[in-house]
Amino acid sequence: MEIRIRNLTKKYGGKLALDEISLDINGGLYGLLGPKGAGKTTLLRIIATLMNPTSGDICIGHLDLGQRKAIRDILGYLPQNFSFYPQYSVYEVMDYLAVLSGQKDPVWRQEKITQLLQQVNLWENRDTKTRVLSKGMKRRLGFAQALINDPLILLVDEPTAGLDLEEQVRFRNLLSDFALERTVILSTHIVADVEFICENLAILKEGGLIYEGRIRDLVRKGEGKVWSLLAEREDTLDIRSDYQVISYVPEGDMMNFRLISNHQPGPGAELVKPTIEDVYLGIMGGVMG
Amino acid sequence: MIWMNIFKSEIKYQLKSIVFWVLAIAVLGFVFSQFTEEYVKFPGDQASGIEGQANSASYGVTHNLSSEEEIQLIRRHLWKDLFQKEGFTRYGLIIKDIRVDEVQKKAMAQLIDKIDNHSSYQEFVVEVNKLDTVLGGNTIYGDKFRPMLSRKLTYEEAVENFENRVEEGMTNVYGRLFADYLGLTAGLFPVFIGAFLLGRDRRWRMDDLIKIRGIRSLVYVSAKYLAVVLLLVGVYLIISLIPTVKFYFLSKANGWPFHPLGFLKYTVAWVLPTVLFTIACGMTIAELVGSGLIAVAAQIVFTFSNSLPLKGNYSLSRFIIRFNTIEGHDILVKSHDAILLNRLFYLLLSGLLVVLCAWVWEKKEAQGRR
């Protein structure tokens, strides 16, 4: 389902949270990348109809933001900060939220909940109280509850934050599976989240849109600008102040820097294949347009 | 039906909640620490003295005083306060003994003179209320606390009262007393659930997960509300079964007529509107001000301001109706319409509060979108 966002602005008092954002999201997995405070959560909450924009429009299919009930019927939402009633079991939470979604038929609910809990690998934990779930399990349960009404669009806000690597991979795979037939908007500050599973993304910074397009094209922006430089250890401070350094690791008596520069940063420096993380950090640091 | 499913879910939630069970036990503890079946037996059978020898036995007290008895008791009080205590008692949340100043002493002495020379009961009432004002209010002399005056019953009166109780039905008489204590708890305890009923979605950070569902506010709020009401009324009804069983055996042993619904009917008719109001009020205040604790504090104030007098005031400002006596069937008959109106009023008011609460809940959701 297509989502068109036009000139979307959100102000909290005098503070600008979103500044004239325009995006076209055409199905599949779409990444919203940016540091904390970039406006990603605000944008998701506006799409989810949990918040009104100060100005601008959003069209979800043929629905505009005023058709809140209709939009909520086709949306699934996994917020960044959420939890569950601690004395409810995994199954009870799912059933409760299914009821609130208007699912009246208990047999349908039972089948759907069983299917979703199996999908997120929580079926064995269906009777476990939510208060004892690990962070990863809570996220997976959050994912399952977001799918209870068979949404056409799924909004997920920082789903992998705080999860261990194995859980992060598991979660990304869940999103990829779901996005085969639907639209998923994934908001994150973790580059790896979008790097491996999104085809398109938008990068937000301080409420403004600084990139929109394909990931492949984003990586191209870094070609010819990411260098590997072997330098003396005592030059570390100078290099860090002169260039945007992505990383540096000791190699014997020397230091190996990975950095961004429009020209060769020093003798012996070699161009390397850029990654999305290099480009993202370059854009955030203002050294790549 | 969505409403019914939310209703059932809330019942399940409360049954797993420690707060609910603590409240149920607290009601039980409070009521049975206050309620006794004193004077349930024939006066001679339980008084400490010998039947017929009124002076050596205690047959209880009565608050039903004649005008002259009331005047003489007040005179005795005045004398004691002025010459023995040189002070008086101030009633209220905290009961305090206060020393009198010269102006107050003079007013008390003048009142003794006026009582000795009073021409009518009406004149007496005006004068004692004036003294209550001079003393700063909430004294035994004012209209609010004067009904606390009592005198000992004679043996003959005790027998007559006992016979009246048997005739009306012991379960009815003690059912009212029992409902009086239940009503006190119903005016306060349910607020500990009501005030946090909707706030817990925010507390457990489930509010976004719930609001995204687009559930209608009145459906959501009313289903949760009535689930809690049903549970708490259930607790009260179960507690009422205890004295019902006890009085069944007592009635059987003494040959009294037994009314199986005596305790239950007073519990439903007198306590249900209070439960409805307390939960609705706590829920609505908490939603309006955004704090369950403030709602609890407000309810504590409401309850204490409603807890006196012990009987006789059934105006619409009383959400707890009191009838703390096993006497006074005549007061009950006289107040029947006022009590009925009072209970219907709080039934209706509770409904309106729930609608208001649902409206606030929806407005807050809209406000969160700003």
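A short tour of the structure in this document, coming up. Here the structure is a predicted model, which is why all the values come from computation and not from measurement.

Helices and strands together make up the secondary structure of chain B, namely 15 helices and 4 strands. Counting only C-alpha atoms and orienting by the principal axes, one finds that chain B spans roughly 75 × 60 × 35 Å. Put simply, chain B has 370 residues, and 37% of those count as buried.

Right, let's get into the sheet that holds strand β6 (residues 75-78) of chain A. Residues and elements named next belong to chain A. Strand order across the open sheet formed by 6 strands is β6-β7-β8-β3-β9-β10, with mixed pairing between neighbours. The open sheet has two free edges, formed respectively by β6 and β10 (208-214), since each of these has just one partner strand. On average, adjacent strands in this sheet sit at an angle of 15 degrees to one another, irrespective of strand direction. As paired strands, strand β3 (residues 28-33) and strand β9 (residues 200-205) are joined by 4 bridges and run parallel to one another. The partner of Leu33 across the bridge, within β9, is Ile203. Helix-sheet contacts for helix α5 (residues 135-146) involve β6 and β7 (153-157), and the interaxial angle to β6 is about 165 degrees. Across the sheet, helix α10 (residues 276-284) is in contact with β3, β9 and β10; its angle to β9 comes to roughly 30 degrees.

Residue and element names in this part refer to chain B. The end-to-end C-alpha distance of helix α6 (residues 121-134), which contains 14 residues, comes to 20 Å, matching closely the 20 Å that a straight helix rising 1.5 Å per residue would cover. Check the buried side of α6 and you find it contacts α4 (67-85) and α5 (102-116). Positive backbone phi, approximately 100 degrees, marks Gly136, located one or two places after α6.

This part takes up the pairing of β6(A). Residue and element names in this part refer to chain A. Side chains Leu75 and Tyr77 of β6 all project onto a buried face; the interleaved residues Gly76 and Leu78 project onto the opposite face, where all are buried too. Relative to β7, β6 runs parallel, the two sharing 4 bridges. Paired with Gly76 across the bridge in β7 is Leu154.

As a further point, take unusual backbone geometry. Note on backbone geometry: most residues besides glycine have negative phi, and most peptide bonds are trans. Residues and elements named next belong to chain A. Backbone geometry at Asn7 places phi at a positive 50 degrees, although glycine is not the residue there. Secondary-structure assignment places Asn7 in strand β1 (residues 2-12). Residue Asn7 is classed as partly exposed on the basis of its C-beta count, with 13 C-beta atoms lying within 10 Å. Positive phi values are uncommon outside glycine, yet Asp150 reaches one of about 50 degrees. Secondary-structure assignment places Asp150 in the loop between α5 and β7. Taking the number of C-beta atoms within 10 Å as the measure of exposure, Asp150 has 12 and is therefore exposed.

Looking now at the sheet that holds strand β12 (residues 244-251) of chain A. Strand pairing in a sheet takes place through backbone hydrogen bonds and is either antiparallel or parallel in direction. Residues and elements named next belong to chain A. One open sheet holds the 4 strands; their spatial order is β12-β13-β11-β14, and the pairing between them is antiparallel. Each edge of the sheet is formed by a strand with only one pairing partner; in this case those strands are β12 and β14 (270-271). In this sheet, strand β13 (residues 254-260) lies alongside strand β11 (residues 226-232) in antiparallel orientation, the contact comprising 7 bridges. Among the inter-strand pairings, Glu232 is bridged to a residue of β13, identified as Met254. Each of β11, β12 and β13 touches α10; the most contacted strand, β12, lies at about 130 degrees to it.

What follows deals with the interface of chain B and chain A. With 22 residues of chain B at the contact, the number on the chain A side is 25 residues. Elements with a contribution of two residues or more to the side of chain B that touches chain A: α1 (2-15) and α11 (207-211) of chain B. Among the elements that make up the side of chain B that touches chain A, the one with the highest residue count is α1(B) (5 residues). Within the side of chain B that touches chain A, the residues separate by chemical class into 10 nonpolar, 5 polar and 7 charged.

Once that is clear, we can look at helix α7 (residues 155-168) of chain B. Given 3.6 residues per helical turn, the α-helix brings residues three or four places apart onto the same face. Residue and element names in this part refer to chain B. When the terminal C-alpha atoms of α7 are compared, their 20 Å separation across 14 residues agrees well with the 20 Å that a helix rising 1.5 Å per residue should span. If you check which residues of α7 are buried, you get Ala158, Asn161 and Phe162. Down the axis, α7 shows its buried residues gathered within 105 degrees of arc, on one side only. Residues of α7 that are exposed and point over 90 degrees away from its buried face: Glu156, Glu163 and Glu167.

What follows deals with the packing of helix α8 (residues 170-186) of chain B against helix α13 (residues 262-289) of chain B. Residues and elements named next belong to chain B. For the pair α8 and α13, the least separation of the axes is 8 Å and the interaxial angle reads 20 degrees. On the basis of the axis angle, α8 is roughly parallel to α13. For the element pair α8 and α13, the recorded crossing hand is right-handed. Only Gly262, Phe263, Lys265, Tyr266, Thr267, Trp270, Val271, Thr274, Val275 and Thr278 of α13 make contact with α8, whose side of the interface consists of Thr171, Asn172, Gly175, Arg176, Phe178, Ala179, Leu182, Gly183 and Ala186. Of the residues contributing to the contact of α8 with α13, the split by class is 9 nonpolar, 8 polar and 2 charged.

Quick look at the packing of helix α2 (residues 18-34) of chain B against α8(B) now. All names here are of chain B. At a minimum axis distance of 9 Å, the contact between α2 and α8 shows a crossing angle of 145 degrees. Relative to α8, α2 is oriented so that their crossing is right-handed. For the pair α2 and α8, contact is made by Val27, Phe30, Val31 and Gln34 and by Tyr181, Leu182 and Thr185, respectively. Residues that form the contact of α2 with α8 fall into these classes: 5 nonpolar, 2 polar and no charged.

What counts and how
- For every chain, the first residue of the written sequence is number 1, and numbering continues from 1 along that sequence.
- Written order determines the labels here, with chains lettered from A and ligands numbered from 1.
- Residues qualify for local features only when their pLDDT is at least 70, as the model is predicted, and side-chain atom pairs are given and counted only at 80 or more; totals for whole chains, interfaces and linings, by contrast, use all residues.
- The way it works is that DSSP assigns letters per residue, a run of H or I at least four long becomes a helix, a run of E at least two long becomes a strand, and they are numbered from the N terminus.
- Every C-beta atom is placed from the backbone, and the number of other C-beta atoms within 10 Å of a residue's own sets its class: buried at 20 or more, exposed at 12 or fewer, partly exposed in between.
- For two strands to be treated as a pair, DSSP must find at least two bridges joining them.
- Note on method: axes are straight lines fitted to C-alpha atoms, helices fitted across the in-contact stretch only, with angles between N-to-C directions ranging 0 to 180 degrees.
- Contact between two residues is assigned when their C-beta atoms, built from the backbone, lie within 7 Å.
- Any helix carries an expected span of 1.5 Å times its number of residues minus one.
- When residues are grouped by polarity, Ala, Val, Leu, Ile, Met, Phe, Trp, Tyr, Cys and Pro land in nonpolar, Asp, Glu, Lys and Arg in charged, and all others, Gly among them, in polar.
- Working definition: the arc comes from the directions between the helix axis and the C-beta atoms, pointing outward to the latter.
- Oblique is the label for every angle not falling under 35 degrees (roughly parallel), over 145 degrees (roughly antiparallel), or within 65 to 115 degrees (roughly perpendicular).
- Handedness of a crossing is defined here by the sense of rotation of the near helix relative to the far one, left-handed for an anticlockwise turn of less than a right angle and right-handed for a clockwise turn.

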